[in-house]
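Chain by chain, the residues:
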Amino acid sequence: MEEIKFKNTSRMSGEEIAIFQSYAMKNTNILMSIFFTVIFVGLGVGLSFWNLTVGVILVVCGLAGGIFFLPYLLKENQKRNVLQELGDRKYLNTFEFYEEYLCVKSTATVSADSKDYQDAGSLRVEYSEVFKIATYKDRLFIFLNPQQSFIVNFNGMTMGTIAELIDFLKSKNIMFMDKSNIDTTKK
């Protein structure tokens, strides 16, 4: 039996997914907002030569929509989609890091009120299959591909420290991005 090097237990909730999506979708949301604003402001400027009132209205709508409303609506839509996916269940993920692979075991409750966790599945992932790892706020994201990630909470470490885990994963030649304000260097 192989020895577990690091272990982490993290809950998965709408809040966890929202943190991941704010990290993963940040560039997309910014580009969509810029595109929306440029289109409406451009139309507004062009139409202001034909009708000044319509032009000014389009410029104001473009600025307000692109800077305030569109980012808010995109974030709320993502949140609603996540809640539909998760349903009213609570999830608990256990990550066990071995020398050559990582094992993820997921348990879930039947409903939001229940405290009885039952096995929901498990997955073994070779480190060579990991696309990249990234830190953001107090989370470690282990990406399987550009859109799919495991979320490891820094505070959920039950064996080893998060700094040691990050160093271990870096030693496996996995691309690493640090977007966290928290010091994760080994002391």
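Residues numbered from 1 in each chain as written. Predicted model: local features only at pLDDT ≥ 70, side-chain atom pairs only at ≥ 80, totals over all residues. Heavy atoms only, no water.

Colleague: Honestly, unusual backbone geometry in this entry has me stumped. Any pointers?
Modeller: The general pattern is negative phi for most residues beyond glycine and trans for most peptide bonds. Residue Lys137 is not a glycine yet carries a positive backbone phi of 55 degrees. Examined against the element boundaries, Lys137 turns out to sit in the loop between strand S5 (132-136) and strand S6 (139-145). Note on Lys137: relative accessible area 45%, which makes it partly exposed. Unusually for a residue other than glycine, Asn173 sits at a positive phi of about 60 degrees. (Helix = DSSP H or I, 4+ residues; strand = E, 2+ residues; numbered from the N terminus. Buried < 20%, exposed > 50% of the residue type's maximum accessible area, 1.4 Å probe, protein only.)

Colleague: Please explain the sheet that holds strand S9 (residues 176-179) as it appears in this structure.
Modeller: Within a sheet, adjacent strands bond to each other through the backbone by hydrogen bonds, running parallel or antiparallel. Across the sheet, which stays open at both edges, the 4 strands sit in the order S7-S6-S5-S9 with mixed pairing between neighbours. Two strands close off the open sheet at either side, each with one partner strand: strand S7 (148-153) and S9. Each adjacent strand pair in this sheet contributes to an overall mean axis angle of 20 degrees, direction not counted. In terms of strand pairing, S5 meets S9 through 4 bridges, oriented parallel. Residue pairing across strands places Ile133 opposite Phe176, the latter belonging to S9. Where helix H4 (residues 162-171) meets the sheet, its contacts fall on S5, S6 and S9, and the angle it forms with S6 comes to roughly 25 degrees. (Pairing = 2+ DSSP bridges. Axes fitted to C-alpha atoms, helices over the stretch in contact; angles between N-to-C directions. Contact = heavy atoms within 4.5 Å.)

Colleague: Where do I start with the pairing of S7 in this structure?
Modeller: For a regular strand, side chains alternate in direction, first toward one face of the sheet and then toward the other. The buried count for S7 comes to 5 of 6 residues, which makes it a mostly enclosed element. Judged from the 6 bridges that link them, S6 and S7 form a sheet pairing that is antiparallel. Bridged to Arg139 within S7 is Asn153. Linking S6 to S7, which pair antiparallel, is a turn of 2 residues.

Colleague: Can you walk me through the environment of Ile142 in this structure?
Modeller: Counting through the fold element by element, Ile142 comes out in strand S6. A relative accessible area of 2% means that Ile142 is categorised as buried. In contact with Ile142, other than residues within four places in its own chain, are Phe97, Leu102, Val130, Lys132, Ile133, Gln148, Ser149, Phe150 and Val152.

Colleague: Explain H4 here, please?
Modeller: Three or four residues apart is the spacing at which side chains of an α-helix point the same way, because the helix has 3.6 residues per turn. Buried within H4 are the following residues: Ile162, Ala163, Leu165, Ile166, Phe168 and Leu169. Elements in contact with the buried residues of H4: strand S1 (6-12), strand S2 (91-97), S5, S6, strand S8 (157-159) and S9.

Colleague: Explain the side chain of Thr135 here, please?
Modeller: Topologically, Thr135 is positioned in strand S5. Of the residues examined, Thr135 reaches a relative accessible area of 0% and is grouped as buried. Among the polar contacts made by the side chain of Thr135, one reaches the side chain of Asp178 at a distance of 2.5 Å. Residue contacts for Thr135: discarding those within four places in its chain leaves Leu140, Phe154, Ile166, Phe176, Met177, Asp178, Lys179 and Ser180. (Polar contact = N/O pair within 3.5 Å; in protein donor to acceptor, adjacent residues only side chain to side chain.)

Colleague: Which parts of the structure should I look at to understand the pattern of salt bridges?
Modeller: Where charged atoms of side chains with opposite charge meet at close range, the side chains can pair. Inspection of the entire model under this criterion finds 6 salt bridges. When the shortest N-O distance is used, the salt bridge between Lys105 and Glu96 registers 3.3 Å. The class of Lys105 is partly exposed, set by a relative accessible area of 37%. Here Arg139 ties to Asp138 by a salt bridge, and the two come within 2.0 Å at their closest N and O atoms. Here the salt bridges share partners, and the residues they tie into one network are Lys5, Glu99 and Lys172. (Salt bridge = Lys/Arg side-chain N within 4 Å of Asp/Glu carboxyl O.)

Colleague: Before we go on, may I ask you to explain the packing of aromatic side chains in this structure?
Modeller: Aromatic rings considered in pairs are described by the distance between their centres and by the relative angle of their planes. Across all of its chains, the model carries 6 aromatic pairs by this definition. Both rings, one in Phe141 and one in Phe143, keep their centres 6.4 Å apart while their planes meet at 70 degrees; by these two values the pair is edge-to-face. According to the relative accessible area criterion, Phe143 is buried, its value standing at 2%. Sitting over the ring of Phe143, Lys132 keeps its end group 5.0 Å from the ring centre. (Phe/Tyr/Trp six-rings, centres within 6.5 Å; stacked < 30°, edge-to-face > 60°. Lys NZ or Arg CZ within 6 Å of the ring centre and 35° of its normal.)

All quantities given are derived from atomic positions and should not be read as evidence of function.
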